[in-house]
Structure formats: structure tokens, C-alpha cells
Amino acid sequence: MTTTPTQAAAAYADLAAALRGDLITPGQPGYDAARAVYNAMIDKRPAAIARCHDVADVIACVRFGREHGVELAVRGGGHNAGGLGVWDDALVIDLSLLRSTTVSPANHTVRADAGCTWGDVDHATVAFGMATPSGFIASTGVAGLTLGGGIGYLSRRFGLTVDNLLAADVVLADGTFVTASEGSHNDLFWALRGGGGNFGVVTSFTFRCHDIGENGTIIGGPVLYDFADTPEVMRWYRELLPVLPEELSGWIGLITIPPAPPFPEVLWGRKSCAIVWCYTGPLDGADQVLEPVKTFGSPLVVGLHAMPFTALQSAFDPLYPAGLQWYWRADFFNEISDAAIGVHVKHGEEMPAGHSTMHLYPIDGAASRVPEDATAFAYRDGGWAGVIVGVDPDPANAGLISRWARDYWQDLHPTSAGGAYVNFLMNEGQDRVKAAYRGNYDRLAEVKRRYDRDNVFHINQNIQPAR
Ligand SMILES: Cc1cc2nc3c(=O)[nH]c(=O)nc-3n(C[C@H](O)[C@H](O)[C@H](O)COP(=O)(O)OP(=O)(O)OC[C@H]3O[C@@H](n4cnc5c(N)ncnc54)[C@H](O)[C@@H]3O)c2cc1C
């Protein structure tokens, strides 16, 4: 803002009066709570946080930003590890109060406001025996996850989250409002499906839903192996996954077994190679499909049970509450090569105790049948989206977990497909953003020029407007 502090205060007072929601500025009660995001390593001090009550509030904020030259940050679920939902001296358009959902069982759709978490959406749809593909944890925001692509338990069977997006309501950089879909603002709709928050503020999403399991009951849970078995388990898993029916998906990772039930106390704190499975087909066919995953090797725990899909989706939420220190690094992988397995073993042995982990999420089946240029999400041949996650409750360990993740990534990167899932990037610079979009980057830059030529929405993995 290029005005005096008094003029700025007066402008923010006018904005506060124009909004239905609260405008929280530094020094006001609730400021510190409102600027906090999921990753406690992020400590940004925005000029103001607008807790929007409706689309009109969002429009007022976008217009205010333009008029006063104030940077705009947009916060959905606040889960972004790089902390891109808040920013120093920015006006934060906080959507977290916009959390309603509307399910149409007849049309197999759900409409979700942009402040919803996936827990909100699953709660709404699983009551009707349906779900739309999302992620692997319930507390993540619908908005950020969807705009980056969305990789989850249902991706093998039904595609990425963006492959099930039917429409999005968007406030554009000039404050106008449009609905983007295949039939309307088709270029914008293409870019929203993976291009992140670059093109406007999405205020609601409409998704296609699918029947899952039996009335929403699926079979899921972890199978844990001794860490020493990692090479054998990874080699078996990379061969098995492509031939499994798409009703069954499973991500593989390295973990420290949490010191809590349902894990047997004797295993608490032990390192493990884990696969978390999710079977969403008919329950009477489950035994046959799950047989190979139950019988391979010498598992420490076979924790597969029938449960509502919501229970699997939220299983990790208590282990990873908001307020921990997070630092992660990521890449896509076409294969889990022998060289990569060697790196996983080496750095898995050095994995800091507690919450830190490494996950490889499949991008195959239905997700890989979508052509690379059909949406902005470019890695349709990825095989897996990998992420090395340093997590710790204690700020004193922030350096330790960050170093571990960086060193691990340095050694693993040569085995990767080149770029990373945009939602797993930290603030890693323009080359890494370009690598995330590969051949789709130039088209994204062109759509950016059309919808946001002044780069109003730049607090994100930024796509620069084409010249
Ligand atoms: C614990 C954890 C688990 C995760 N698991 C998965 C997973 O299983 N699958 C997966 O695909 N990803 C996963 N992610 C990554 C996740 O998709 C990203 O962190 C995503 O950015 C989170 O979205 P959000 O709305 O919560 O984030 P925010 O921090 O609120 O926003 C993230 C980015 O999106 C922009 N944005 C947010 N809302 C809007 C909006 N309405 N309009 C325009 N731009 C907006 C923001 O400006 C920011 O740039 C996980 C992240 C964490 C921390």
C-alpha cells in the first residue's frame, strides 16, 4: 500500500465495514490464531485477514487489493506446507468459514464451498454410499488440493480429483464472477484443473461422485513390514500394483510405527516399510482381491478391516494435528528402480524418530488414462508421486527434519521423472514450477495472461503471464 499508515487504517476500516465477515488486523484479538496455518514453521504477518462469509466478501477483497495495490493471499484449508495461504503484509482472503456442501444423490454430484476440508465432503457424500476422489487425509483443504490435481485412494479407480471436477465458481482478478466448466470458460476450466490458485479465487467446486464399497463401507488399513524387508517389499509392490484390479489401491511408505493403539505396544517406535491399502469394490469379492496383499512376506501387522470410507480417510488426522513443524521435498517417479530402493533404505535408516516419513502415491489406472494435455496436471505417466516428509512437534528439530528431507531428496532426485507434484512443492523457484507442468506450462501462461495479466494472484506456485 503506497499510503500513510493513517490512510491505510482508514482504507481497511472501510473494507471492514463493507464485509459480512470479520477483518482482523495486527493487534486485534484473534490475529495470531487467524494467521496460523497447519505448518507451524510458517510465521507470516499479514496486513489483514478477511474471514469471508460469502462470495460478495471475496469480490470486495479482490477489488480492494487491486485498488490499493495490496498483495492478495488466498487461504482454503491452510494445509500448504510452503505456507502459501498467508503472506507478510498481504490481505488474506480466508475462505475457512465457507464450508457448506450440497449432495445430489440422483445426479451423483457434490457441491462444496471453498473452505471445506475433505472431511466435510466425505461426511456429506459417504452418507449416500458415494465419494469423489480426494487425498489420503481428511483435514486437507478441498480448494488447494483440487487446484493442484488431487491424488488419493480413489485415483486408480476414478482418476484424480480434477478428473472429477465438473464446475468451479471463480472470482477473477478484476472482481468479476464466472462459472468455469467444459461448456463455459473452457480455457479457464482446463487451467484450474492442476494450475493452482493462479487464475482467481474459487468459491465453490462441483464434483462427480462414485458409488464405493457397499454403502460407503470399504476395506482398508495398513500392512506393516519390518524395515529390514524394505527392498523385498518395494520390489514386490512395484510389480504387483499394475496387475491389481483398480478397486484396490495402496501407497507405500517408510514410517515409524506410532506409539498408540491400534498398533501393538511391542512395535511402538519401530521403523517399518508400510503399505496402506484401500479396497472399494464389492465386499463379497474382497477376499480374492486382497489375498496377495495379506499373504506376501512376513508382515508385522495386517491391519485390514471393513470400515466406512470416512474412517480410512481420517485415520491419520490424529497423528498429524495442526501445529507441527513440516518440511517436505517431492518428485514424480515413473518407476521404483533398484537404485531408488537403495536410496530409500539408506535415508530411511536415518529417518528422524517420530512423525517423519516417506510416501509414494500411485498415479496409475484411471488417472494415467487421461491424456497429458486434457488438464493442466501434466504427469499422467508418473507412476507415483513421492514425498519425503520431515515432521516434528518441536521447533528445535526444524533444522534436523529439513536437512534429512533435503539430503534424501538430493540422492533420490536422479531416479525421478524430473518434476514434482505442485502441491508437494515448497518455495523452490520458477524452474521447479515449470518442471511440475512440463509441456503444459506455456498454455498455462497463456491462460494466465488472459485471466490475470497483472499477476494479481501470485502468492502460489506462480505461473507468469505470457508476454
Ligand atoms: C498432511 C497433508 C496431507 C496431504 N495429503 C495430500 C493428498 O493425499 N493428496 C494430495 O493431492 N495432496 C495432499 N496434500 C497436499 C495438499 O494438496 C496441499 O498442501 C494443498 O495446497 C492444500 O490445500 P489447502 O486449501 O489446505 O491449502 P492452503 O494453504 O489454504 O492453500 C494452498 C494454495 O492454494 C491456493 N488456494 C487455496 N484456496 C484457494 C481458492 N479457493 N482459490 C484459489 N486459490 C486457492 C492458495 O493461495 C495457496 O497457494 C497434503 C498436505 C498435507 C499438509
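It should be noted that the structure appears before, not after, this text.
(A) The arrangement of the packing of helix H8 (residues 230-240) against helix H11 (residues 338-349) in detail. Where H8 contacts H11, the axes come no closer than 10 Å and their chain directions differ by 140 degrees. Of the possible angle classes, the one that applies to H8 and H11 is oblique. Our pair here, H8 against H11, has a crossing hand that is right-handed. Residues Thr230, Pro231, Met234, Arg235 and Arg238 of H8 lie in contact with H11, whose contacting residues are Asp338, Ile341, His344 and Val345. Classifying every residue of the contact of H8 with H11 by side-chain character gives 4 nonpolar, 2 polar and 3 charged.

(B) Representation of the state of the cysteines. Inspection of every chain in the model, using the stated rule, returns 0 disulfides. Free of any disulfide, cysteine 52 has its nearest neighbouring cysteine sulfur in cysteine 61, separated by 4.3 Å. You can see cysteine 273 has no disulfide; the closest cysteine sulfur is in cysteine 278, sitting 19 Å from it. Relative accessible area serves as the criterion here: at 0%, cysteine 273 is assigned to the buried category.

(C) Region of interest: the site of the ligand. For the ligand, the set of nearby residues contains 34 residues, the closest of which are Val74, Gly76, Gly78, Ile151 and Tyr421. Between the ligand and the protein, one listed contact pairs an oxygen atom with a backbone N or O atom of glycine 78 at 2.7 Å. One of the backbone nitrogen or oxygen atoms of glycine 144 is found 3.0 Å away from an oxygen atom of the ligand. For the shell around the ligand, the secondary structure elements donating two or more residues are strand S3 (72-75), helix H5 (142-148), strand S10 (201-208) and strand S17 (325-333). Looking at the shell around the ligand element by element, the count peaks at 4 residues for H5. Taken together, the residues of the shell around the ligand sort by class into 18 nonpolar, 15 polar and 1 charged.

(D) Geometry of the nonpolar core. Membership of the largest hydrophobic core comes to 146 residues, with the highest contact counts inside it found for Leu91, Trp236 and Trp277. Not counting chain neighbours up to four residues away, the residues in contact with tryptophan 236 comprise Tyr225, Ile275, Trp277, Pro292, Val293 and Phe296. Counting 12 residues, the second-largest nonpolar core is a separate cluster that includes Tyr31, Val37, Val86 and Val92.

(E) Seen up close, the pattern of salt bridges. Considering all chains together, one arrives at 23 salt bridges under this definition. For the salt bridge of arginine 238 with aspartate 338, the shortest nitrogen-to-oxygen distance reads 2.9 Å. Residue arginine 238 is found in helix H8, and its partner aspartate 338 is found in helix H11; the two are separated by 100 residues along the sequence. The shortest N-O distance in the salt bridge between aspartate 381 and arginine 438 comes to 2.8 Å. Taken as a pair, aspartate 381 in the loop between helix H12 (366-369) and strand S19 (383-392) and arginine 438 in the loop between helix H14 (430-437) and helix H15 (441-451) lie far apart in primary sequence, 57 residues in all. Note on aspartate 381: relative accessible area 39%, which makes it partly exposed.

(F) Highlighting empty space enclosed by the protein. All told, the structure shown has 3 cavities of 30 Å³ or more when counted by the stated rule. By volume, the second largest cavity is sized at about 50 Å³. Lining the second largest cavity are Gly148, Gly194, Phe332, Ala376, Phe377, Ala378, Ala420, Tyr421, Val422, Ala436 and Tyr437. Along the lines of polarity and charge, the residues of the lining of the second largest cavity split into 9 nonpolar, 2 polar and no charged.

(G) Inspection of the pairing of strand S4 (residues 91-94) at higher detail. Residue alternation in S4 divides its side chains into two sets, Leu91 and Ile93 and Val92 and Asp94, and both sets are buried. Strand direction decides the pairing type here: strand S2 (residues 48-51) and S4, joined by 4 bridges, are parallel. Its bridge partner being in S4, alanine 50 is matched across the sheet by isoleucine 93. Sheet analysis places S3 next to S4, joined by 4 bridges and oriented parallel. Along S4, the bridge assignment pairs leucine 72 with leucine 91.

(H) Examining the layout of surface pockets more closely. Approximately 700 Å³ is the volume found for the largest pocket. Considering the residues around the largest pocket, the lining is formed by 33 residues, among which Pro258, Pro262, Phe263, Phe316 and Leu319 are closest to the centre. Only strand S12 (217-226), strand S13 (248-256), strand S14 (271-279), strand S16 (305-308), helix H10 (309-313) and strand S18 (357-363) provide two or more residues apiece to the lining of the largest pocket. Looking at the lining of the largest pocket element by element, the count peaks at 4 residues for S12. Partitioned by chemical class, the residues of the lining of the largest pocket number 22 nonpolar, 11 polar and no charged. In this structure, the second largest pocket encloses a volume near 160 Å³. Looking at the second largest pocket, it is lined by 13 residues, and the ones nearest its centre are Arg51, Arg75, Gly76, Gly77 and Ser96. Grouping the amino acids of the lining of the second largest pocket by side-chain chemistry returns 3 nonpolar, 6 polar and 4 charged.

Cut-offs applied
All chains use their own residue numbering, which begins from 1 and follows the written sequence. In keeping with the predicted nature of the model, local features appear solely for residues at pLDDT of at least 70, side-chain atom pairs appear and are counted solely at 80 or more, and the whole-chain, interface and lining totals rest on all residues. Only hydrogens and water are set aside when side-chain values are computed; all heavy atoms of the structure are taken into account. Orientation is described by lines fitted to C-alpha atoms, with helices fitted over the stretch in contact, and by angles between N-to-C directions that extend from 0 to 180 degrees. Helix and strand assignments come from DSSP, with helices taken as H or I runs of at least 4 residues and strands as E runs of at least 2, each series counted from the N terminus. Just so you know how the angles are binned, under 35 degrees is roughly parallel, over 145 roughly antiparallel, 65 to 115 roughly perpendicular, and the rest oblique. Handedness of a crossing follows from how the near helix is turned relative to the far one, being left-handed for an anticlockwise turn of less than a right angle and right-handed for a clockwise one. By definition in these notes, contact holds between two residues if any of their heavy atoms fall within 4.5 Å. Throughout this entry, Asp, Glu, Lys and Arg are counted as charged residues, while Ala, Val, Leu, Ile, Met, Phe, Trp, Tyr, Cys and Pro are counted as nonpolar. The remaining residues, Gly among them, count as polar. Throughout, disulfides are identified as pairs of cysteine sulfur atoms within 2.5 Å of each other. The cut-offs for exposure are 20% and 50% of the maximum accessible area for each residue type, with area from a 1.4 Å probe on protein chains only; residues under the lower value are buried, those over the upper are exposed, and the others partly exposed. Here a residue is near a molecule or strand as soon as one of its heavy atoms is found within 4 Å of it. We call two N or O atoms a polar contact when they sit within 3.5 Å, provided that within protein one can donate a hydrogen and the other can accept it, with sequence-adjacent residues counted only if both atoms are side-chain atoms. As used here, the term nonpolar core means buried Ala, Val, Leu, Ile, Met, Phe, Trp, Tyr and Cys residues forming a set that is joined through side-chain atoms within 4.5 Å. Criterion for a salt bridge: a side-chain nitrogen of Lys or Arg within 4 Å of a carboxyl oxygen of Asp or Glu. Grid points spaced at 1 Å and placed over the protein atoms alone form the basis of the search, with a cavity being a set where a 1.4 Å probe fits but cannot get out and a pocket an open set showing protein on both sides within 12 Å along at least five of seven lines. Lining residues have an atom within 4 Å of a point. Grid points are joined across faces, edges and corners, and a volume is the space filled by probe spheres set on the points. Note: two strands are recorded as paired if DSSP finds a minimum of 2 bridges between them.

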